[in-house]
Structures are given as C-alpha cells and as structure tokens.
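# Coordinate analysis (summary)
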Amino acid sequence: MVNLSVVGVDDKSWRTKVASISILGNMTFCAPKQLSSCLPQIVPKLAGAISDANIQVKDSANYALKEIGSTIKSPEISSILDILIKALSDPYEQNKNGLEALLKLEFTHYIDAPSLSLIIPIIDYGLRNRDLAIKKKSSQLVENISDLVKDPDDIIPYLDILLASLQSSLSQISEISSKAYASLARKLGIQKSSKVVLSLRNILEDKEAAPAERTGAAQAISEVTYALGYQYFKEVLPNFLLFTRNENSYIRESYTRIFIYLPNIMENQFQPYIADLLDSIMDSLAEENENLRHLAFSVVKNLIQIFGAKDIQTLLEPVEEGLFHENPNKRVSSIYLIDEMLKVLKESVHIGNMSEEEFNVILKRILCSLHILKSDPFSKADAAKVS
C-alpha cells in the first residue's frame, strides 16, 4: 500500500495525488515500528508535493506532514515544526532557516523516528549545498542528532542518505565531517556501523577519488576507529598497516595518511604501537613517489613530536639507521627527522624531563653520524645544515 501510494503522488491526475497523499498521511495511525520504517519513503514525497501547482495537492501534502509532525514526541522538534515543513517544501529558500532553527534548540529529550523523518532531508539538502557555511551547519547537526537518538535502529533507514551526502562534504570540510562520521559510528556501535566503515574504505581504495576526498576519508576513518573503542582499534590496526604496503601507490598513500591523524586522536593509547607503525612506514622514506615519501616523513615527524620525549629509543633507533640506508632519499629524510628529534629532546631538557648528560650522549652520537654523512655527495649539504 505504501509503495503504491508513493508512486501515486507522482501521478498526472491531481485526484490520484490527493488520494495517495491522504493514505500516506494516515500512516501516522500505524504502530510506531511500522511508521518508523515507512517515513523515509513518505516524507520526501510529501515535501515535494507541497510545491505542486494544484492547491488541493499542496494543502493535502501540508496537512499530511503536520499529521506526521503530530506524532513527534520530542517537544523541542515540535516547537519548530512549521519551520521544518517550510524547509522541506522550499529547500532553496528555507533550508538555511531550518538548519539554524535546529542548531539553536537546546535538547532535554531524545529525538524519535518521526523527528528524524523531517530532519534528515533538511540535513541532506544542506550537506549537498555549495555554500560551505551551510555544509558545516549540516555536518554539525549530524553529529548532534546522532548523540540525541535513543534507538540506533531509528538511524539505519537514513544511513545511505547520510553517508552519500557526508561524502560530498569530505573534501571541503573534512574535520567537521569526520566528527559526524564518528558520531554515527559511536551511536550505531561496532556491529551496526560496518556500512559507515565500508563507505570510507571504498573512498580510500578508489583510484578515481580526488586526493582531497581520500584525505578526508583518512581523517574520518581515524575518528571512526577511535569512536568504536580501543579493542576495535587493536583489531583493525594490522589491516591498516598491511595496506600501507599495498602494491598500488594510491592505496599506500590513503592508508599512510590515516597515521597522520590516528596518533593525535588516540594520544597515549597509540604509544604501544609506535614500533609496529615504524616497521611499516620507514621504507616509504625511500620511495620514488614523492607524495608517498612526504607523507611517510610527515607521519614519522608527527610521531616524534607527540612521543619523542616519552619513547626515545623506539623512535631514535630506526631514524639513526636511516642515516646510513642505501637509498639517498631515505638518508636525507632521516637527517631532517634527526633534527626534529633533537629539537624535541632539547625542549625536554629545558623543562626538566631529561638531564643534560643524557641529551649530550645522544647528541654526540648523532653529530658523529652527521659528520660521516658530510662526505656523502647526495646528503652532505643537508647533513652540514643540521649539524
């Protein structure tokens, strides 16, 4: 009946349209679970019918949406029902008003399925808007409503819509979009968020995806991994590391980029896995592919900045070994990573977390290595500058 009525809203006859809309409006008398499953199909059709040229079709659709609105249990959403219906019926002019009204609400109650049926199409339109300010507001709302939905199953009918529209924002507002992805995953939990993870991995492994989009996906999957908990992180880390050695350079780049973000997000929880990451990433400093080489350098530099003073030997040993690697690219990268390590250790001495004696032992050893490298035609200028 629902499918026939949804099709009937597009019929050429205004009488058929009105009859179909009436049936859809009467779905509000269904049991809550049945209503929840139907609303994702119903609301977009009713919203479109409000702009119909025929006044009776328009009035019927408006009435049906208000009937759906009457089943909303969230008083906060009920208070802006008219604004939401206007935003649904005239998104070009009213979408921004709907988003702003939602953002201004101070929620003290959960958001239910009928509320979501009105909110999600507004967010979807906003995420696909070219206006960055509107995109940001829409992404922020995804994050907010994920926390406010009581039953994760209420989100599932809208997941494909949200994932598609969030993807359209990844390359432009990756930080806010990443938080939205993480909020969805956190609400859904590990068992029900596989589609969220898969959508991001598909981007990471898509050769045709724009570099900015893959960068956004790397940030988002880092946030999602953290949101799903430490045990989940431990389970997926070996797979992430494996893909940093993939035969395809664009996939290696995508998964290496995850480690630009993940250590910063996880902080001390990541420390036990520094050695595993270095084992996978250090060889990329010898890459002919300049983008990948710079990415690997950034990952190791980031590790040094976060953990250099806490885990000196784990970080220093592979970098010192890199100074005498057969590949000149890796030798030069290691010189500058050594320089970064010395800056971190010097600051550690300055704040009293490391003694001068300990620092000088390391410094003398490094200076000896750099002195040797001054005779290396490829890296002598870099070694001289750092020393």
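Refer to the structure presented above.
This write-up is about the structure you can find in this document. (Residues numbered from 1 in each chain as written. Predicted model: local features only at pLDDT ≥ 70, side-chain atom pairs only at ≥ 80, totals over all residues. Heavy atoms only, no water.)

## Describing the packing of helix α4 (residues 55–69) against helix α6 (residues 81–89)
Relative orientation of the contacting elements α4 and α6 amounts to 135°, with a least axis distance of 11 Å. On the basis of their axis angle, the class for α4 and α6 is oblique. The two elements α4 and α6 cross, and the hand of that crossing is right-handed. In this structure, α4 contributes Asn 62, Leu 65, Lys 66 and Gly 69 to the contact, and α6 contributes Leu 81, Asp 82 and Ile 85. Each residue belonging to the contact of α4 with α6 can be placed in one class, and the counts come to three nonpolar, two polar and two charged. (Axes fitted to C-alpha atoms, helices over the stretch in contact; angles between N-to-C directions. Helix = DSSP H or I, 4+ residues; strand = E, 2+ residues; numbered from the N terminus. Parallel < 35°, antiparallel > 145°, perpendicular 65-115°, else oblique. Left-handed = near helix turned anticlockwise from the far one by under 90°. Contact = heavy atoms within 4.5 Å. Nonpolar A, V, L, I, M, F, W, Y, C, P; charged D, E, K, R; others polar.)

## Regarding unusual backbone geometry
Despite not being glycine, Glu 267 shows a phi value in the positive range, around 55°. Its location among the elements puts Glu 267 in the loop between α15 (249–266) and α16 (274–281). Using a relative accessible area of 51% as the deciding quantity, one classes Glu 267 as exposed. (Buried < 20%, exposed > 50% of the residue type's maximum accessible area, 1.4 Å probe, protein only.)

## What about the packing of aromatic side chains?
If you walk through the whole model with that rule in mind, you get seven aromatic pairs. Between Phe 243 and Tyr 255 the ring centres are 4.7 Å apart and the planes differ by 35°, which places this aromatic pair in the tilted class. Taken together, the positions of Phe 243 in helix α14 (residues 230–243) and Tyr 255 in helix α15 put the pair twelve residues apart, joining distant regions of the chain. The exposure classification of Phe 243 matches that of Tyr 255, with both residues buried. Joined through ring pairs, the aromatic side chains of Tyr 230, Phe 233, Phe 259, Phe 270 and Tyr 273 make up one cluster. We note Arg 201 situated over the ring of Phe 243; from NZ or CZ to the ring centre the distance is 5.1 Å. (Phe/Tyr/Trp six-rings, centres within 6.5 Å; stacked < 30°, edge-to-face > 60°. Lys NZ or Arg CZ within 6 Å of the ring centre and 35° of its normal.)

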